[in-house]
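Next come the chains, spelled out residue by residue.
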Amino acid sequence: MVPPGAEMDTMIHTFDQLGLSPELLQGLIKLGFKKPTDIQSAVIPELLGGDRDLVAKAQTGTGKTAAFGLPILHRLKAEILLPQALILCPTRELCMQIARDLTQLADFMKDIRILPVYGGADIRPQLTALRRGVQIVVATPGRMVDMLRRKAVDLSVIRCVVLDEADEMLSMGFEEDLQTIMTSVPEASQTMLFSATMPRTVADITRNYMQDPATIAIGMHNTGPDNVVHEYYVVHARDRYLALKRIVDLIPDLYGIVFCRTRQETQEIADWLGRDGYPAHALHGDLSQQQRDRVMKAFRNRHCPLLVATDVAARGLDVRNLTHIINYSLPDDPGAYTHRSGRTGRAGESGVSIVLINLREHSKLHRIEKQIGRKFISRTVPSGDDICRVRLHDWIKRWQNLEPESALLDELMPALIERLDGMSRDELLRKVAYQEVQRLLEYYRDQPDLNPEVRREPHADKSNGSNTTHGNIELVLNVGAVNGLTPTLLLRMIETVARKQAVPVGRIKIAKMQTYMEIPASLATYIVKSFNTHPPEISGRKVNVAVAGARRQLFRNARSKVGGNTGRTGRTRPPKRKLFRHSGSRSS
Ligand code: ADP
Ligand code: MG
C-alpha cells in the first residue's frame, strides 16, 4: 500500500499538470471534464513526451478517445493544411462520434479541421472536404483504402496513426485494408492501439506495424468497470422474447441497448418489439446509412430509448446515461461481452447489464464471469403481478413529487371536485391506479411463470406416456412452417448435422414458428450438441434445438446413464400452453 501522502505527490490530479495547451484546457472546462481519468493521466504525458509507439488498454467508458485525442490536438500544426493524424475505427457511428469528440475538444483552437471519412455514404462531399484540406482524418478502413486508390488523400506528413478498437477491425476482416493503409503512411509515424480487450490477433498488428511499443494497461485483464452490475435470467429458449418483454416492462425509464447475435435476429427482435408497442429501433450493418443515422439520432435524443444492436454496430458507442444493457443472446466470444456491458456505466456512471440464458448456457456464463472477473447475480423473471407492483410504486413515487402548477387547473378544480362528489379517496385512487397499469394487468392476466424451475405440470407422467413413444425424447426447433421447413428438409438437415450417426426420427410436428420431433433419448445430447456447434440455417435463420420442456426428466435420465448430469430437476411445459396440436394426439 502506498501511504496517502506519497500517493498525492506522484498522482496527476488536474489537466494543467499534464502540460496541455491553454486552448485545450478551455475546451476541457467547457466539456465539464474536471480531472483526467487514469488512462488519460498515463497516456497523455507519454504521448506529449515522445514519438514512441503505444499499446493502451483500459476499461470501456474510461475516456480513451480524449487520451489519444488531446495529445494529437496538442501537437497539431494548425498552419499545415495536410492530414497529420489518422484515426482508424471499425464503424461509421464510431467514426462520427470520435470526430465529434475531437471537434469539441478543439473548440477553442483556431483553424482545426477534422474530417470523418466512412463508407456507405456519398463519397463526393468527403472528397471535396479532403481536397480543401484537413488536419485530422477519422476513417473506417474500407473507405480509407478507397480514398488512397483515388489518390484523394495525402498522407505524407502523417505523424501519428491511431487504431481504435483494433481487435474489432481485425475480426471484421479489415486486416488487408489496414495493411494497405499502414504501408501508405510515413515509416517514422507513431502508431497507437486502443481497446478494452486485446485478443491474441492484435499481437500481429503490434509485430507488423509497431516498433518497440510502450504498453499501458489500466484495470485488470479485460475486466469491465465495477460500477456495472451484472444480472442473469434463465429461461427456456422459446420464452426468450416473452422474458425480454417482461424485463422491459419491469424497468421504468429504461434507456438501453438490447444485444443480439446476428443481423437477422437484431432486426427480428426490433420488429417484434415495435409490433408490441415498444419504442425500439434496430442498428446493424444491413441498414442504409440514412437509416443508421436516423436510428442513432432518435436513440441519442431518447425519442427511441431502446436500441437493438449487433456487437459490431455498437462497438465503442458512447451514449451517456444508459440504464441497462440487455443481452438477448450471448455473444460467441466472451470478450464481446465486455464491450456490450461497457456501453453502460460510462465515465463513472452506474449501470446494469442483463443476460438472458437458456438452460444449457450456464457454462457460457461462467466463461464470461471469468473473463470479466465479476459474478452475475441470479434473477427470476418477474410475473405480471410483480411488474404491476413495481410500476405502481414507481408511479406513486413520481406522483408524490409532482407539483401541478396550472392556473387552468385551479380554475377547473371546483368543477372536478363537484363531479367526483361522493367518491371516496380509496375509490378514486383505485380507479387511477387501475388506469395506470391497465394495459399490463390485461396483458399479463393468466400468463405463465417463465422461470423454468417453477414450471411444473401436475400430470406430467400421464402426458409423457401419451405423447412420446417409449425411449424417445422430443426436441424443439426454433423454426417452423413460416421459415419454409418441411419434413423432408428437416430430415436432410439432421442427416447433415449428425454426420457420423444415423438418427431414426420419430414423429415430426411442424408448427408455425416451431417444430417438434422425436428422436431416441440416447441420441439427444449428441444431436443438441451437433446443432449447437454447426447450426444449419433455413431462410437465413440459424436453427437451434432444445429438449422440449415436458421431456426434460426423460432426457436427464438418458444423460445420467451415459455419465452426464444436468444437475437440475425435471421440468415440464406449463399446462396452459399447448404449442402444437395434431389430430393423433389431441385429447378429447
Ligand atoms: P472509451 O473509449 O474508453 O470507451 P470514451 O472516450 O468514449 O471512452 O469516453 C467515455 C465518456 O467519458 C465520454 O462521454 C466522455 O465524454 C467522458 N469522459 C472522457 N474523459 C473524461 C474526463 N476526464 N472527465 C469526465 N468525463 C470524461
Ligand atoms: Mg472508445
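Everything below is about the structure shown above.
Read on for an overview of the structure. Quantities reported herein were computed from a predicted structural model and do not represent experimental measurements.

## Topic: the pairing of strand β8 (residues 228–234)
Along β8, six of the seven residues are buried, which leaves the element largely enclosed by surrounding structure. One ladder, built from seven bridges, connects β8 with strand β13 (residues 351–357); its direction is parallel. Within β13, the residue paired with Y232 across the bridge is V355. Relative to strand β14 (residues 377–379), β8 is paired through three bridges, and the arrangement is parallel.

## Re the sheet that holds strand β11 (residues 306–309)
Pairing in this open sheet of seven strands is parallel, and the strands run β10-β11-β9-β12-β13-β8-β14 from one edge to the other. Every other strand in the sheet has two partners, leaving β10 (280–283) and β14 as the edge strands with one partner each. Averaged over all neighbouring strand pairs, the angle between strand axes comes to 25°, with direction disregarded. Against the sheet, helix α12 (residues 263–275) engages β10 and β11, with an angle of about 170° to β10. Strands in contact with helix α13 (residues 289–300) are β9 (256–259), β10 and β11; relative to β10, the strand with the most contacts, it is inclined by about 135°.

## Digging into the sheet that holds strand β20 (residues 545–547)
With antiparallel pairing, four strands are arranged side by side in an open sheet as β16-β17-β15-β20. On the outer flanks of this sheet lie β16 (508–510) and β20, each paired with one strand and no other. Each neighbouring strand pair of the sheet contributes to a mean axis angle of 30°, computed without reference to strand direction. Where β16 and strand β17 (residues 515–520) come together, three bridges link them in antiparallel fashion. Across the sheet, the residue bridging to I508 is M517, located in β17.

## Some words on the site of ligand 1
Residues in close proximity to ligand 1 total 17 residues, the closest being G61, K64, T65, D318 and R346. In the model, an oxygen atom of ligand 1 is placed 2.7 Å from a nitrogen or oxygen of the G61 main chain. A distance of 3.2 Å separates an oxygen atom of ligand 1 from a polar backbone atom of G63. Coverage of ligand 1 by the protein amounts to 88% of the 570 Å² it exposes when considered alone. Across the shell around ligand 1, the residue classes tally to four nonpolar, eight polar and five charged. Each of two domains, domain 1 (15–217) and domain 2 (228–381), supplies a minimum of three residues to the shell around ligand 1.

## Overview of the packing of aromatic side chains
Pairs of aromatic rings are described using the distance from one ring centre to the other and the angle between the two planes. Inspection of every chain in the model, using the stated rule, returns six aromatic pairs. With centroids separated by 5.1 Å and ring planes inclined at 55°, the aromatic side chains of Y255 and F299 adopt a geometry described as tilted. Separated by 44 residues along the polypeptide, Y255 in the loop between α11 (240–250) and β9 and F299 in helix α13 bring together distant segments of the chain. Residue Y255 is classed as buried on the basis of its relative accessible area of 1%.

## Regarding the pattern of salt bridges
Think of it this way: side chains of opposite charge can pair up when their charged atoms draw near. If you walk through the whole model with that rule in mind, you get 30 salt bridges. With its nearest N and O atoms 3.9 Å apart, the salt bridge here joins D253 to R398. Residue D253 is found in the loop between α11 and β9, and its partner R398 is found in helix α17 (residues 384–401); the two are separated by 145 residues along the sequence. Notably, a salt bridge pairs R541 with E268, separated by 2.9 Å at the nearest N-O pair. Taken together, the residues R541 in strand β19 (residues 541–542) and E268 in helix α12 connect sequence positions 273 residues apart. Look at the salt bridges and you will find they share partners, linking E165, D167, E168 and R315 into a network.

## A short note on the packing of α11 against helix α19 (residues 425–444)
Look at α11 against α19: their axes get within 13 Å of each other, and the N-to-C directions meet at 155°. Judged on the interaxial angle alone, α19 and α11 are roughly antiparallel. In terms of crossing hand, the pair formed by α11 and α19 is left-handed. Touching L242, K245, R246 and D249 of α11 are R439, L440, Y443 and Y444, all from α19.

## Here we look at helix α9 (residues 175–182)
For α9, the set of buried residues is D177, L178, I181 and M182. Buried residues of α9 fall within an arc of 130° about the axis and therefore sit on the same side. The inward-facing, buried residues of α9 abut β2 (85–88), α7 (141–149), β5 (160–164), α8 (166–171), β6 (190–195) and α10 (202–209).

About the criteria used
Residues numbered from 1 in each chain as written. Chains lettered and ligands numbered in written order. Predicted model: local features only at pLDDT ≥ 70, side-chain atom pairs only at ≥ 80, totals over all residues. Heavy atoms only, no water. Buried < 20%, exposed > 50% of the residue type's maximum accessible area, 1.4 Å probe, protein only. Helix = DSSP H or I, 4+ residues; strand = E, 2+ residues; numbered from the N terminus. Pairing = 2+ DSSP bridges. Axes fitted to C-alpha atoms, helices over the stretch in contact; angles between N-to-C directions. Contact = heavy atoms within 4.5 Å. Near = heavy atom within 4 Å. Polar contact = N/O pair within 3.5 Å; in protein donor to acceptor, adjacent residues only side chain to side chain. Areas by Shrake-Rupley, 256 points an atom, 1.4 Å probe, with all protein chains shown as cover. Nonpolar A, V, L, I, M, F, W, Y, C, P; charged D, E, K, R; others polar. Domains from an automatic or database assignment. Phe/Tyr/Trp six-rings, centres within 6.5 Å; stacked < 30°, edge-to-face > 60°. Salt bridge = Lys/Arg side-chain N within 4 Å of Asp/Glu carboxyl O. Parallel < 35°, antiparallel > 145°, perpendicular 65-115°, else oblique. Left-handed = near helix turned anticlockwise from the far one by under 90°. Arc of directions from axis to C-beta.

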